[in-house]
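# Residue-level structural notes
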Amino acid sequence: WLPATSDLAITAAYKLNDQSLAGIGLATAVGWGKDIRNITMSYEGIGARSFLDWKLKGSIWISGGFELNYRQSFSRIEQLKQLDAWQESALVGLSKQFPAGKKIRGDVRLLWDMLSYRQLPQSQAFIFRIGYSLK
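How each quantity is defined
Residues numbered from 1 in each chain as written. Predicted model: local features only at pLDDT ≥ 70, side-chain atom pairs only at ≥ 80, totals over all residues. Heavy atoms only, no water. Phe/Tyr/Trp six-rings, centres within 6.5 Å; stacked < 30°, edge-to-face > 60°. Helix = DSSP H or I, 4+ residues; strand = E, 2+ residues; numbered from the N terminus. Buried < 20%, exposed > 50% of the residue type's maximum accessible area, 1.4 Å probe, protein only. Pairing = 2+ DSSP bridges. Polar contact = N/O pair within 3.5 Å; in protein donor to acceptor, adjacent residues only side chain to side chain. Contact = heavy atoms within 4.5 Å. Salt bridge = Lys/Arg side-chain N within 4 Å of Asp/Glu carboxyl O. Axes fitted to C-alpha atoms, helices over the stretch in contact; angles between N-to-C directions. 1 Å grid on protein atoms, 1.4 Å probe; cavity = no way out; pocket = protein on both sides within 12 Å on 5 of 7 lines; lining within 4 Å. Points joined across faces, edges and corners; volume = space filled by probe spheres on them. Nonpolar A, V, L, I, M, F, W, Y, C, P; charged D, E, K, R; others polar.

## Side note on the packing of aromatic side chains
Counted under the stated rule, the structure contains two aromatic pairs. Between tyrosine 70 and tryptophan 86, the ring centres sit 5.5 Å apart and the planes meet at 55 degrees, which makes this aromatic pair tilted. One end of the pair, tyrosine 70, is in strand 4 (residues 60-70); the other, tryptophan 86, is in strand 5 (residues 86-99), and 16 residues separate them in sequence. Residue tyrosine 70 is classed as buried on the basis of its relative accessible area of 2%. Here tryptophan 86 falls in the partly exposed class, since its relative accessible area comes to 24%. Plain terms: the ring middles of phenylalanine 98 and tyrosine 132 are 6.4 Å apart, the flat faces sit at 85 degrees to each other, and that makes the pair edge-to-face. Here phenylalanine 98 is found in strand 5, whereas its partner tyrosine 132 is found in strand 7 (residues 126-134), with 34 residues between them in sequence.

Here you go:
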């Protein structure tokens, strides 16, 4: 019961004002193999993302963003040059921030990919993410 892949990302945000953040990031998909007896790490994709978060009320934020994801296994950088293999995502949704320690803040996001219906094969329409950041 292990996930087939996990997405790991690093982002940087700029605080525009007390109510909004804008940022960019890079992500990678890590494959974990077939089952618990055959765990093998592999590169299963890479992505670039941008986002804008606007504080709605308290610790609830409206989140939006655009992503380009290469969702195929690759072994050489040259493979990433195939532009038609990159998948576009336009995301919008809500996030909730919570304290996760003295200098760490967590957030939970539920995002809707407005472009998921035009992808072939169709990707997930809803994305659930958990993240942690430094205060």
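And the narrative resumes.
## Notes on the pairing of strand 5
Sheet topology places strand 4 next to strand 5; 11 bridges connect them, and they run antiparallel. Counterpart to asparagine 69 in the pairing with strand 5 is glutamine 87. Between strand 5 and strand 6 (residues 104-113), which pair antiparallel and follow one another directly, the connecting turn spans four residues, one of which, glycine 101, has a positive phi of 155 degrees.

## Things to note about the side chain of serine 89
Inspection of the secondary structure puts serine 89 in strand 5. Accessibility expressed as a relative area gives 2% for serine 89, which makes it buried. A polar side-chain atom of serine 89 sits 2.9 Å from a polar atom in the side chain of aspartate 113. Residues in contact with serine 89, not counting those within four places in the same chain, are Gly65, Phe66, Glu67, Asn69, Asp113 and Leu115.

## So, the pattern of salt bridges
Applying the stated criterion across every chain, the model contains six salt bridges. Ionic pairing is found between arginine 118 and glutamate 88, a salt bridge with its closest N-O pair at 2.6 Å. Linking arginine 118 in the loop between strand 6 and strand 7 with glutamate 88 in strand 5, this pair joins segments that are 30 residues apart in sequence. Classification of arginine 118 by relative accessible area gives exposed; the value is 55%. A salt bridge links aspartate 107 to arginine 109, with the nearest nitrogen and oxygen atoms 3.3 Å apart.

## Considering the sheet that holds strand 7
The strand order across the open sheet formed by seven strands is 1-2-3-4-5-6-7, and the pairing between neighbours is antiparallel. Every interior strand has two partners, whereas the edge strands, strand 1 (5-17) and strand 7, have only one. Neighbour to neighbour, the strand axes of the sheet diverge by 25 degrees on average, direction disregarded.

## Remarks on the layout of surface pockets
Each pocket or cavity is described by its volume, and for the largest pocket that value is around 1,200 Å³. Counting only elements with at least two residues in the lining of the largest pocket, the list comes to strand 1, strand 3 (39-57), strand 4, strand 5, strand 6 and strand 7. Sort the elements by how many residues they give to the lining of the largest pocket and strand 7 lands first, with nine residues. Per-class residue counts for the lining of the largest pocket are 16 nonpolar, 12 polar and 10 charged.

## Re the side chain of aspartate 113
Note that aspartate 113 resides in strand 6. We classify aspartate 113 as buried; its relative accessible area is 2%. Reaching out from aspartate 113, the side chain makes a polar contact with the backbone nitrogen of alanine 90 at a distance of 3.2 Å. A polar side-chain atom of aspartate 113 sits 3.0 Å from the main-chain amide nitrogen of leucine 115. Ignoring anything within four residues of it in the chain, the contact list for aspartate 113 reads Glu88, Ser89, Ala90, Leu91, Ser123, Gln124 and Ala125.

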